[in-house]
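Close look at the chain arrangement
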Amino acid sequence: MNCFPELPDGYNEIFSINLQKDKKAALKVNGLALGIALILCIVGHFIVPISALFDFNQGLGIYIIRFLVLLAGVIVYMLLHELVHGITMKHFGAQKIKYGFTGMYAFAGCADFFCKKPYIIIALAPVVVWGLVLLIINCFVSGPWFWVVYFIQVNNISGAAGDIYVTYKFSKMPEDILVRDVGVSMTVYSRQ
């Protein structure tokens, strides 16, 4: 079984996180996101110099279109990221998925309790799926358009800092844990 609609008997809370309320955890996650973004931008600069993004040779109109495509791409990506979380939750047996936006974070969540391995897959699915899709697209674009796609990729990987953080935390926890992710907070339960 990958998912339970109710907490089984004998389980007790061992960990919880709410990035809206826990400022220390939010700082860790946002610091990780910034660090990842910085490293990726440096790597990207060695592939295609970032100055290519600001190239006016094709005219002001194309320049504006590039930035509008980038902005729209980031917004669409955030929606697709949460959709992949939701689809993966559903795949592992979730009853009802709730989507939302807190002003700081977009989220997908549900009231069900997931086993450890399925939850780690749920957490990492969007960064893996969209990471591969964006990598393939990046292989076929060049110059300033490389950076349009690459910035969406940077958003993909650095924006998954919370998912990476909880995966790291949960991987060190007992094998029997159950994770309840309601979107804005997570609670972990164990028999141990």
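Whatever comes next refers back to the structure up there.
The following refers to the structure shown.

**Things to note about the packing of helix α1 (residues 23-47) against helix α5 (residues 161-171)**
Running from amino to carboxyl end, α1 crosses α5 at an angle of 115°, the nearest separation of the two axes being 9 Å. Relative to α5, the crossing made by α1 is right-handed. Side by side, α1 and α5 meet where Ala25, Lys28, Val29, Leu32, Ala33 and Ile36 of the first sit next to Ala161, Gly162, Ile164 and Tyr165 of the second. Broken down by class, the residue content of the contact of α1 with α5 amounts to eight nonpolar, one polar and one charged.

**Quick look at the nonpolar core**
Membership of the largest hydrophobic core comes to 26 residues, with the highest contact counts inside it found for Ile17, Met89, Phe114, Tyr119, Phe170 and Val188. Contributions of two or more residues to this core are made by β2 (12-17), α1, α3 (116-140), α5 and β7 (186-190). When residues of this core are assigned to their parent elements, the largest contribution, four residues, is made by α5. Contacts of isoleucine 17, omitting those with residues within four sequence positions, involve Ala25, Tyr165, Val184, Ser185 and Met186. Membership of the second largest hydrophobic core comes to 19 residues, among which are Val48, Leu70, Trp147 and Val148.

**Quick look at the environment of leucine 19**
The residue leucine 19 is located in the loop between β2 and α1 in this model. Owing to a relative accessible area of 17%, leucine 19 belongs among the buried residues under this scheme. Residues leucine 19 and valine 184 lie 165 residues apart in sequence; the distance between their C-alpha atoms is 7.1 Å. Ignoring anything within four residues of it in the chain, the contact list for leucine 19 reads Ala25, Ala26, Val29, Tyr105 and Val184.

**Some points on the packing of aromatic side chains**
For any two aromatic rings, the description comes down to two numbers: the centre-to-centre distance and the angle of the planes. Using the criterion set out here, one finds ten aromatic pairs in the structure. Centre to centre, the rings of tyrosine 119 and phenylalanine 170 are 5.8 Å apart; their planes meet at 55°, and the pair counts as tilted. With tyrosine 119 in helix α3 and phenylalanine 170 in helix α5, this pair connects stretches of sequence that are 51 residues apart. Members of the aromatic cluster, joined through ring pairs, are Phe15, Phe114, Tyr119 and Phe170.

**Here's the deal with the sheet that holds strand β1 (residues 3-4)**
Strand pairing in a sheet relies on backbone hydrogen bonds, with the paired strands running either antiparallel or parallel. Reading across from one edge, β1-β5-β6-β7-β2 is the order of the five strands in this open sheet, with antiparallel pairing throughout. The sheet is open, and its two edges are formed by β1 and β2, each paired on a single side. When strand β6 (residues 178-181) meets β7, the two strands line up antiparallel, connected through four bridges. Bridged to valine 179 within β7 is valine 188.

**Some remarks on the pattern of salt bridges**
In total, this model carries one salt bridge according to the counting rule given. One salt bridge connects lysine 116 with glutamate 175, and the closest N-O pair in it is separated by 3.1 Å. Remark: glutamate 175 occurs in the loop between α5 and β6 and lysine 116 occurs in helix α3; sequence separation between them is 59 residues. A relative accessible area of 5% means that lysine 116 is categorised as buried.

**Describing the packing of α3 against α5**
Axis angle and axis distance: for two packed helices, these are the angle between their axes and the distance between the axes, and together they describe the pair. Close contact between α3 and α5 brings their axes to 9 Å; oriented N to C, the two are set at 165°. Our classification of the angle between α3 and α5 gives roughly antiparallel. Every pair of crossing elements has a handedness; the one defined by α3 and α5 is left-handed. Across the interface between the two elements, Lys116, Tyr119, Ile120, Ala123 and Leu124 of α3 pack against Asp163, Val166, Thr167, Phe170 and Ser171 of α5. Of the residues assigned to the contact of α3 with α5, the class counts are six nonpolar, two polar and two charged.

**Notes on a nonpolar patch on the surface**
Together, Phe56, Leu60, Ile64 and Leu68 make up a nonpolar patch on the protein surface, roughly 410 Å² of accessible area in all. Inspection of the secondary structure puts leucine 60 in helix α2 (residues 60-91). Using a relative accessible area of 52% as the deciding quantity, one classes leucine 60 as exposed.

Definitions and limits used
- Residues numbered from 1 in each chain as written.
- Predicted model: local features only at pLDDT ≥ 70, side-chain atom pairs only at ≥ 80, totals over all residues.
- Heavy atoms only, no water.
- Axes fitted to C-alpha atoms, helices over the stretch in contact; angles between N-to-C directions.
- Helix = DSSP H or I, 4+ residues; strand = E, 2+ residues; numbered from the N terminus.
- Left-handed = near helix turned anticlockwise from the far one by under 90°.
- Contact = heavy atoms within 4.5 Å.
- Nonpolar A, V, L, I, M, F, W, Y, C, P; charged D, E, K, R; others polar.
- Core = buried A, V, L, I, M, F, W, Y, C linked by side-chain atoms within 4.5 Å.
- Buried < 20%, exposed > 50% of the residue type's maximum accessible area, 1.4 Å probe, protein only.
- Phe/Tyr/Trp six-rings, centres within 6.5 Å; stacked < 30°, edge-to-face > 60°.
- Pairing = 2+ DSSP bridges.
- Salt bridge = Lys/Arg side-chain N within 4 Å of Asp/Glu carboxyl O.
- Parallel < 35°, antiparallel > 145°, perpendicular 65-115°, else oblique.
- Patch = residues over 30% accessible without salt bridge, like charges linked within 9 Å, V, L, I, M, F, W, Y side chains within 5 Å.
- Areas by Shrake-Rupley, 256 points an atom, 1.4 Å probe, with all protein chains shown as cover.

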